[in-house]
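What follows is each chain in one-letter form.
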Amino acid sequence: MADPTGFLKYEREEPKKKSKEERLATWGEVYADVDPGERNEKVRKQASRCMDCGIPFCHSGSSGCPLGNLIPEWNDLVRRGDWAAASDRLHATNNFPEFTGKLCPAPCEAGCVLSISPLSGGPVAIKRVEATIADQSWEAGYVQPQVSEVSSGQRVAIVGSGPAGLAAAQQLTRAGHEVTVYERDDRLGGLLRYGIPEFKMEKKVLDRRLAQLRKEGTRFVTGCEVGVDLSVEELRAQYDAVVLAVGALRGRDDTTTPGRELAGIHLAMEHLVPANKFVEGDGPPRIDARGKHVVIIGGGDTGADSYGTATRQGALSVTQLDQYPMPPSTRDDARSPWPTWPYILRTYPAHEEAGERKFAVAVKRFVGDENGHVRAVELQQVRVQKDPETGRREVIPVSDEVETLPADLVLLAIGFEGVEEMPLLDGLGLSLTRRGTLSCGADWQTETPGVFVCGDAHRGASLVVWAIAEGRSVAHAVDAYLTGASDLPAPVHPTALPLAVV
């Protein structure tokens, strides 16, 4: 078993980052390049902090990892230096551990028993261990194509090449089905490609995994919007099953604040996508923060991605606004008791580099110049409360005092409203729920027979780990639909939710 006193011997240690100057001078990942031998030895010590708990909440689907990653097992294998076995154990439950090891906020660490008390020194660095196993797997050649020895003769179309669609594609291809993934963009990956900045995950990480899928037999078609370039009639005629993994990309807008119509105010994705295309070599972005005062509205992941992108583009200043008060630095057991996801202040590497964050503020109005371009925002201190009768969230000013910030570029990173309207849905006879998502039954099948849904399109904007879990689960359902039974894993049910205090 693992070392039961490892957490007493070693403190939690995060991977070393590059200097701020080096990070801002390049689009590359923020973490420093370390000799693999040194990296592995450090991570072996981190893995030895795992206590091999009798009830490992870290891989509980409700309070930890929805993939059911066998975390204590591969922690112990890493502790013993058996990287090949650790790779097998990790890939048994996760198709893309290099994605989750870099992008997932790690609910597994929130569910770690060492998270119960700060006196433990913090949870096991599960995400770091996972990322290192993934890196070592590629470096040592453990990752190889897994080509099916049999063919079912069944054809499956997957619409969308984000993490959910790719996970479903890999599982179904390995089960012997003929799988084609359709992507409307010019490159594969969905938000992994154009929503995630290079400094969080370099796209060569995505490309090498796509190469594996191709060698396994998955076919990809880019620049094809299903329902337009390929009609719904052609889709249904050519394929025995269809999986919708189209994401939830309809960005939430601010339609009530005076001055929203001014030029220079954009949804955050309108900034991130061309910035990522620029890094891919597609030329200068249409929306550029260089030489501008940038204000980002929204305190989540997308806001942080815009923050880091703006600083790398050469913004004069970057300010991120959040309507809520600054969260505490440690878990408040009354609000979010272990093992739920804690409500704490989360600082991304981008926040360490430049700029500032303001909490408990909201924009009263956008101020424009004589040319109709935004030049400033007026802020007020606010509090957020629920209307006791309707339950709706209200933002209430708590002071008449107004603060003016210069703003040449304003980015709205205030969430997503669900699946975009598209001809494909109309052609399939599908409508969106009140949440803007696509509903399904217990078998992941929509109201249209033979058409399945997974990922953000079903769940709403969520974590990469949930997308992969749903992709794996829908693959099980499609396999059973086509063959009558399936041995593929199904880690989550369509109604599964993370443990939370309500």
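Residues numbered from 1 in each chain as written. Predicted model: local features only at pLDDT ≥ 70, side-chain atom pairs only at ≥ 80, totals over all residues. Heavy atoms only, no water.

As annotated in an unreviewed UniProt entry, the protein chain is Glutamate synthase subunit beta from Amycolatopsis melonis. Database annotation for the protein chain, UniProt heading Pathway (unreviewed entry): "Amino-acid biosynthesis." (UniProt positions renumbered as here; feature names shortened; annotations may be inferred.)

Draft legend 1. Just the packing of helix 9 (residues 163-174) against helix 11 (residues 203-216), in detail. Where helix 9 meets helix 11, the axes come as close as 10 Å, and the angle between the chain directions of the two elements is 30°. Between helix 9 and helix 11, the interaxial angle falls into the category roughly parallel. For the element pair helix 9 and helix 11, the recorded crossing hand is left-handed. Residues L166, Q170, T173 and R174 of helix 9 touch helix 11, and the partners they reach there are L206, L210, Q212, L213 and E216. For the contact of helix 9 with helix 11, the per-class residue count stands at 4 nonpolar, 3 polar and 2 charged. (Axes fitted to C-alpha atoms, helices over the stretch in contact; angles between N-to-C directions. Helix = DSSP H or I, 4+ residues; strand = E, 2+ residues; numbered from the N terminus. Parallel < 35°, antiparallel > 145°, perpendicular 65-115°, else oblique. Left-handed = near helix turned anticlockwise from the far one by under 90°. Contact = heavy atoms within 4.5 Å. Nonpolar A, V, L, I, M, F, W, Y, C, P; charged D, E, K, R; others polar.)

Draft legend 2. Here's a closer look at the packing of aromatic side chains. Inspection of every chain in the model, using the stated rule, returns 4 aromatic pairs. We note K277 situated over the ring of Y194; from NZ or CZ to the ring centre the distance is 5.1 Å. In this arrangement the basic side chain of R459 is found over the ring face of W466, its NZ or CZ atom lying 3.9 Å from the centre. (Phe/Tyr/Trp six-rings, centres within 6.5 Å; stacked < 30°, edge-to-face > 60°. Lys NZ or Arg CZ within 6 Å of the ring centre and 35° of its normal.)

Draft legend 3. Main features of the pattern of salt bridges. For the coordinates displayed, the defined rule picks out 31 salt bridges. Between K200 and D305 there is a salt bridge, and its shortest N-O distance comes to 3.0 Å. Here K200 is found in the loop between helix 10 (191-194) and helix 11, whereas its partner D305 is found in helix 14 (residues 301-313), with 105 residues between them in sequence. Look at K200 and you get partly exposed, because its relative accessible area is 22%. With its nearest N and O atoms 3.4 Å apart, the salt bridge here joins E202 to K204. (Salt bridge = Lys/Arg side-chain N within 4 Å of Asp/Glu carboxyl O. Buried < 20%, exposed > 50% of the residue type's maximum accessible area, 1.4 Å probe, protein only.)

Draft legend 4. Local environment of the side chain of K18. Counting through the fold element by element, K18 comes out in the loop between helix 1 (6-9) and helix 2 (20-24). No salt bridge is formed by the buried K18, whose closest oppositely charged neighbour, E22, lies at an N-O distance of 4.8 Å. Separated by 2.9 Å, the side chain of K18 and the backbone oxygen of E29 make a polar contact. Non-local contacts of K18, meaning those with residues more than four positions away in its chain, are made with R23, G28, E29, V30, Y31 and A32. (Lys, Arg positive; Asp, Glu negative; His and termini not counted. Polar contact = N/O pair within 3.5 Å; in protein donor to acceptor, adjacent residues only side chain to side chain.)

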